[in-house]
Amino acid sequence: MTSAKGKIAIVTGAGSGVGRAVASALDADGFSVVLVGRRADALEATKAVLKNPALAVPTDVSDDKAVDALFAKVKEKFGRLDFLFNNAGAGLPATSIEDVTPEQWRSIVDVNLNGMFYCTRAAFRMMKDQKPMGGRIVNNGSISAHVPRPGSVAYTSTKHAVTGLTRSASLDGRKYDIACGQVDIGNAATDMTARMAKGVPQANGTMAVEPTMDVANVGRTVAMMASLPLDANIQFVTVMATKMPFIGRG
């Protein structure tokens, strides 16, 4: 494990849930954290729970020019970037394929895939040119990168694509000492998973309440990935509620 003192991290989707938990864990380890998200008020709420000074930069990651401006600001203030957690994401209510509109499809692709690519591209440009060269990127894939939920075509398709992005970035980053991995999360207790307490659709057509886990477990997992030296990499890791219906028949 390496010391995080003096290191710089960007967390997208940092205004709540997984992003806030990861930002808190990185902050506790000594990173200077750049908080990224669409809502300034949510970023300030995250900033308020951190122990160390943090920079909040409201940004729509689906806008490539806004992403470039974000990374330019980080470079101007800190001079380098050591860690990027690509976390910003969006989903739709459960909708069968034939009822998903082109506008809905594009809205999910724009955030979950395009936004992650724009941030990865900008991080590569920064990490390859800085001295010492290199850094680490962790993408939030979700267990939907492995199996779909009913009515989740847009979300699941983008999360499968994230796995391709992770693999390509991991390969292309080797010559620049850029390590890239992916965390696949299942049923972390956030606002997005609150509905699970009332029951969510299952593959057999029933509704079932699903167990959740403390989102802090995700924060600790990503912080552990961030703490590795650049000659070691956790390529893929799944952190999930132990009893959720993912392995086997549920």
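The paragraphs below set out a description of the structure included in this document. Because the structure is a prediction, the values reported are computed rather than measured. (Residues numbered from 1 in each chain as written. Predicted model: local features only at pLDDT ≥ 70, side-chain atom pairs only at ≥ 80, totals over all residues. Heavy atoms only, no water.)

**Quick notes on the environment of G17**
- Looking at the secondary structure, you find G17 in helix α1 (residues 17-29).
- Between the C-alpha atom of G17 and that of R106, which follows or precedes it by 89 residues, the distance is 24 Å.
- Among all residues touching G17, those that are not within four sequence positions of it are T190 and V215. (Helix = DSSP H or I, 4+ residues; strand = E, 2+ residues; numbered from the N terminus. Contact = heavy atoms within 4.5 Å.)

**Some remarks on the pattern of salt bridges**
- Scanning the model with the defined rule gives five salt bridges in all.
- Across the pair E103 and R106 runs a salt bridge, and its minimum N-O distance is 3.8 Å. Here R106 and E103 lie together in helix α4 (residues 102-129), a separation of three residues that amounts to about one turn. (Salt bridge = Lys/Arg side-chain N within 4 Å of Asp/Glu carboxyl O.)

**So, the pairing of strand β2 (residues 32-37)**
- Across the six residues that make up β2, a large majority, five, are buried.
- Note that the unit made of strand β1 (residues 8-12), α1 and β2 has a crossover that is right-handed.
- Both β2 and strand β3 (residues 55-58) contribute to a ladder of four bridges, which runs parallel. Across the sheet, residue L35 finds its bridge partner in β3, namely A56.
- In this view, the connection linking β2 to its parallel neighbour β3 by way of helix α2 (residues 40-49) has right-handed handedness. (Buried < 20%, exposed > 50% of the residue type's maximum accessible area, 1.4 Å probe, protein only. Right-handed = clockwise from strand over helix to strand, strands pointing away. Pairing = 2+ DSSP bridges.)

**A few points about the packing of α1 against α2**
- As a packed pair, α1 and α2 sit with axes 10 Å apart at the nearest point and diverge in direction by 30°. As for how α1 packs across α2, the hand of that crossing is right-handed. Between α1 and α2, the contacting residues are R20, A23 and S24 on the first element and A42, A45, T46 and V49 on the second. (Axes fitted to C-alpha atoms, helices over the stretch in contact; angles between N-to-C directions. Left-handed = near helix turned anticlockwise from the far one by under 90°.)

**Description of the layout of surface pockets**
- Looking at the largest pocket, its volume works out to about 1200 Å³.
- Along its surface, the largest pocket is lined by 47 residues, and G89, A90, G91, Y155 and M192 are the ones closest to its centre.
- Looking at the second largest pocket, its volume works out to about 420 Å³.
- In this structure, the second largest pocket is lined by 22 residues; those nearest its centre are Q202, A203, E210, P245 and F246. (1 Å grid on protein atoms, 1.4 Å probe; cavity = no way out; pocket = protein on both sides within 12 Å on 5 of 7 lines; lining within 4 Å. Points joined across faces, edges and corners; volume = space filled by probe spheres on them.)

**Digging into empty space enclosed by the protein**
- Inspection of every chain in the model, using the stated rule, returns two cavities of 30 Å³ or more.
- Its volume calculated, the largest cavity comes out at about 50 Å³.
- For the largest cavity, the full set of lining residues is L92, P93, T95, V100, G151, S152, V153, A154 and Y155.
- Grouping the amino acids of the lining of the largest cavity by side-chain chemistry returns six nonpolar, three polar and no charged. (Nonpolar A, V, L, I, M, F, W, Y, C, P; charged D, E, K, R; others polar.)

**Structural notes on the side chain of D27**
- Checked against the element boundaries, D27 lands in helix α1.
- In this structure D27 is buried but unpaired, with K51 as the nearest side chain of opposite charge at 6.3 Å.
- Not counting the four nearest positions on each side in its chain, D27 is found in contact with V33, L50, K51 and N52. (Lys, Arg positive; Asp, Glu negative; His and termini not counted.)

These values are about where atoms sit, not about what they do.
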